[in-house]
Amino acid sequence: MPTPLTTLRDASFPMADCARCEKSVLTYVMLDESGREQRVCVHCDSPVGEALAWVGPGELEQSGYYFGPPPEEGAKGCSSGCGSCAVKKS
(Lines give C-alpha, C1' and ligand atoms only; values in the text may rest on other atoms or scores of the structure.)
Protein backbone atom coordinates (compact mmCIF):
# COMPACT_ATOMS: atom_id res chain seq x y z
CA MET A 1 0.00 0.00 0.00
CA PRO A 2 1.41 3.43 -0.92
CA THR A 3 2.37 5.76 1.89
CA PRO A 4 2.14 9.57 1.73
CA LEU A 5 5.92 9.72 1.24
CA THR A 6 5.94 7.33 -1.72
CA THR A 7 2.87 9.02 -3.18
CA LEU A 8 4.59 12.42 -3.02
CA ARG A 9 7.82 11.02 -4.43
CA ASP A 10 5.91 9.61 -7.41
CA ALA A 11 3.81 12.76 -7.97
CA SER A 12 4.32 15.12 -10.87
CA PHE A 13 3.32 18.75 -11.22
CA PRO A 14 2.51 20.75 -14.39
CA MET A 15 4.83 23.67 -15.10
CA ALA A 16 4.97 25.99 -18.10
CA ASP A 17 6.50 29.31 -19.09
CA CYS A 18 4.42 32.34 -18.11
CA ALA A 19 5.08 35.39 -20.28
CA ARG A 20 3.71 37.79 -17.67
CA CYS A 21 5.78 36.38 -14.77
CA GLU A 22 8.74 35.79 -17.12
CA LYS A 23 9.58 32.39 -15.63
CA SER A 24 8.52 28.76 -15.43
CA VAL A 25 5.54 28.44 -13.07
CA LEU A 26 3.09 25.93 -11.67
CA THR A 27 -0.14 25.83 -13.62
CA TYR A 28 -3.75 24.85 -13.06
CA VAL A 29 -6.83 24.39 -15.24
CA MET A 30 -9.66 26.92 -15.26
CA LEU A 31 -12.60 27.54 -17.58
CA ASP A 32 -12.47 30.42 -20.04
CA GLU A 33 -15.47 32.61 -20.97
CA SER A 34 -16.67 29.91 -23.40
CA GLY A 35 -16.52 27.18 -20.77
CA ARG A 36 -13.44 25.56 -22.32
CA GLU A 37 -10.57 24.41 -20.15
CA GLN A 38 -7.37 26.41 -20.32
CA ARG A 39 -4.16 26.13 -18.35
CA VAL A 40 -3.10 29.26 -16.43
CA CYS A 41 -0.34 30.48 -14.11
CA VAL A 42 -0.89 29.99 -10.36
CA HIS A 43 0.62 33.42 -9.66
CA CYS A 44 -1.16 35.75 -12.10
CA ASP A 45 -3.91 33.62 -13.72
CA SER A 46 -2.56 34.42 -17.21
CA PRO A 47 -2.90 31.70 -19.85
CA VAL A 48 0.33 29.77 -20.42
CA GLY A 49 1.69 28.07 -23.51
CA GLU A 50 0.81 24.60 -24.64
CA ALA A 51 4.20 23.12 -23.72
CA LEU A 52 3.87 21.60 -20.25
CA ALA A 53 6.69 20.07 -18.28
CA TRP A 54 5.62 17.51 -15.71
CA VAL A 55 8.19 17.74 -12.90
CA GLY A 56 8.75 15.82 -9.68
CA PRO A 57 8.92 17.30 -6.17
CA GLY A 58 12.70 17.78 -6.26
CA GLU A 59 12.64 19.70 -9.53
CA LEU A 60 9.66 21.71 -8.29
CA GLU A 61 11.60 22.76 -5.17
CA GLN A 62 14.58 23.73 -7.34
CA SER A 63 12.19 26.10 -9.13
CA GLY A 64 11.49 27.92 -5.87
CA TYR A 65 8.39 26.09 -4.61
CA TYR A 66 8.44 24.08 -1.40
CA PHE A 67 6.59 21.45 0.56
CA GLY A 68 5.92 21.55 4.26
CA PRO A 69 4.12 23.72 6.75
CA PRO A 70 2.77 27.09 5.61
CA PRO A 71 5.05 30.14 5.83
CA GLU A 72 5.28 31.89 9.18
CA GLU A 73 2.83 34.67 9.99
CA GLY A 74 3.86 37.82 8.16
CA ALA A 75 5.72 36.03 5.38
CA LYS A 76 4.71 37.23 1.93
CA GLY A 77 3.67 34.87 -0.86
CA CYS A 78 5.42 31.71 -1.91
CA SER A 79 9.12 31.13 -2.05
CA SER A 80 9.43 31.75 -5.79
CA GLY A 81 10.26 35.43 -5.24
CA CYS A 82 8.11 36.89 -8.02
CA GLY A 83 6.08 38.97 -5.56
CA SER A 84 2.75 38.32 -7.25
CA CYS A 85 1.42 35.92 -4.61
CA ALA A 86 1.23 38.65 -2.01
CA VAL A 87 -1.04 40.75 -4.26
CA LYS A 88 -3.20 38.07 -5.88
CA LYS A 89 -6.76 38.42 -4.58
CA SER A 90 -8.34 35.23 -5.96
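Residues numbered from 1 in each chain as written. Predicted model: local features only at pLDDT ≥ 70, side-chain atom pairs only at ≥ 80, totals over all residues. Heavy atoms only, no water.

Let's talk about the pattern of salt bridges
Then comes step 1: Enumeration according to the criterion identifies 1 salt bridge in this entry.
Then comes step 2: Note that Asp32 is salt-bridged to Arg36, the shortest N-O span being 3.5 Å.
Then comes step 3: Asp32 gets classed as buried once you look at its relative accessible area, which sits at 16%. (Salt bridge = Lys/Arg side-chain N within 4 Å of Asp/Glu carboxyl O. Buried < 20%, exposed > 50% of the residue type's maximum accessible area, 1.4 Å probe, protein only.)

Re the sheet that holds strand 2 (residues 23–31)
Then comes step 1: With antiparallel pairing, 4 strands are arranged side by side in an open sheet as 3-2-1-4. The open sheet is flanked by strand 3 (37–41) and strand 4 (53–55), the only strands paired with a single partner. Ignoring strand direction, the axes of neighbouring strands in this sheet form an average angle of 50°.
Then comes step 2: Across 5 bridges, the pairing between strand 2 and strand 3 is antiparallel. Paired with Val29 across the two strands is Arg39, which belongs to strand 3. (Pairing = 2+ DSSP bridges. Helix = DSSP H or I, 4+ residues; strand = E, 2+ residues; numbered from the N terminus. Axes fitted to C-alpha atoms, helices over the stretch in contact; angles between N-to-C directions.)

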